[in-house]
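One letter stands for each residue in the lines below.
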Amino acid sequence: MVMEQKYGEPERKENVETDMKQFLQSRPVHEFTELWHREGYTKMGIHELLSELYRRFSGDEKKALERGEEILAVLKMVDLSKFKIKPEGLVKAMRKLFGGE
């Protein structure tokens, strides 16, 4: 859900957080999480990645899931043993691979 914001109007954080919670609890995200969890990723790490992508794509669920799949597929081919098995390790690997801070 994309919200229209008028000039000078503060962003409604509670709505964004509610939308994200609904997104993370949706059936497509549940199926996505289960699939990639079987590939060895932690559920927390997957949700952290999807949360970042959901914010980046302004709440576009489809784009967040598509990009998440692309990123996890690339990470699957990278040796992640030097990263912690925690969400921050997954995000650190993603940032290193795709550039950005």
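Conventions used here
Residues numbered from 1 in each chain as written. Predicted model: local features only at pLDDT ≥ 70, side-chain atom pairs only at ≥ 80, totals over all residues. Heavy atoms only, no water. Helix = DSSP H or I, 4+ residues; strand = E, 2+ residues; numbered from the N terminus. Buried < 20%, exposed > 50% of the residue type's maximum accessible area, 1.4 Å probe, protein only. Polar contact = N/O pair within 3.5 Å; in protein donor to acceptor, adjacent residues only side chain to side chain. Expected span 1.5 Å × (residues − 1). Arc of directions from axis to C-beta. Salt bridge = Lys/Arg side-chain N within 4 Å of Asp/Glu carboxyl O.

A.B. asks: Help me understand the side chain of Ser26 in this model?
C.D. replies: Examined against the element boundaries, Ser26 turns out to sit in the loop between helix H1 (13-24) and helix H2 (27-38). For Ser26, a relative accessible area of 18% corresponds to the buried category. Among the polar contacts made by the side chain of Ser26, one reaches the main-chain carbonyl oxygen of Phe23 at a distance of 2.7 Å.

A.B. asks: Would you mind going over H2 with me for this structure?
C.D. replies: Quick reminder: α-helices carry 3.6 residues per turn. Residues three or four places apart thus point the same way. Between its terminal C-alpha atoms H2 stretches 17 Å, which fits the 16 Å expected from 12 residues at 1.5 Å a residue. Among all positions in H2, only Val29, Phe32, Thr33 and Trp36 are buried. Down the axis of H2, the smallest arc covering the buried residues is 100°, so these residues share one side. Of the exposed residues in H2, those oriented more than 90 degrees away from the buried face are Arg27 and Arg38. With its phi angle positive at about 110°, Gly40 sits one or two positions after the end of H2.

A.B. asks: Quick question: what am I supposed to make of the pattern of salt bridges here?
C.D. replies: Note on pairing: side chains with opposite charge can pair once their charged atoms come close. One pass over the structure, following the stated rule, counts 5 salt bridges. Between Glu31 and Arg27 there is a salt bridge, with the nearest N and O atoms lying 3.7 Å from each other. Here the residue Glu31 and the residue Arg27 both occupy positions in helix H2, the gap between them amounting to 4 residues, near one helical turn. A residue is classified by how much of its surface remains accessible, and Glu31, at 47% relative accessible area, is partly exposed. The salt bridge partner of Lys76 is Glu39, with a shortest N-O separation of 2.9 Å. Of this pair, Lys76 sits in helix H4 (residues 61-76) while Glu39 sits in the loop between H2 and helix H3 (43-56); the two residues are 37 residues apart in sequence, bridging distant segments of the chain. On the basis of relative accessibility, which here comes to 49%, the residue Lys76 falls in the partly exposed class. Taking relative accessible area as the criterion, Glu39 reaches 38% and is therefore assigned partly exposed.

A.B. asks: Sorry if this is basic, but what is going on with unusual backbone geometry here?
C.D. replies: Most peptide bonds take the trans form, and the phi angle of most residues other than glycine is negative. In this structure, Ser58 is a non-glycine residue whose phi angle is positive, near 50°. Relative to the helices and strands, Ser58 is located in the loop between H3 and H4. Its relative accessible area of 48% is what places Ser58 among the partly exposed residues.

So far we have only geometry, and geometry alone does not tell us how the molecule works.
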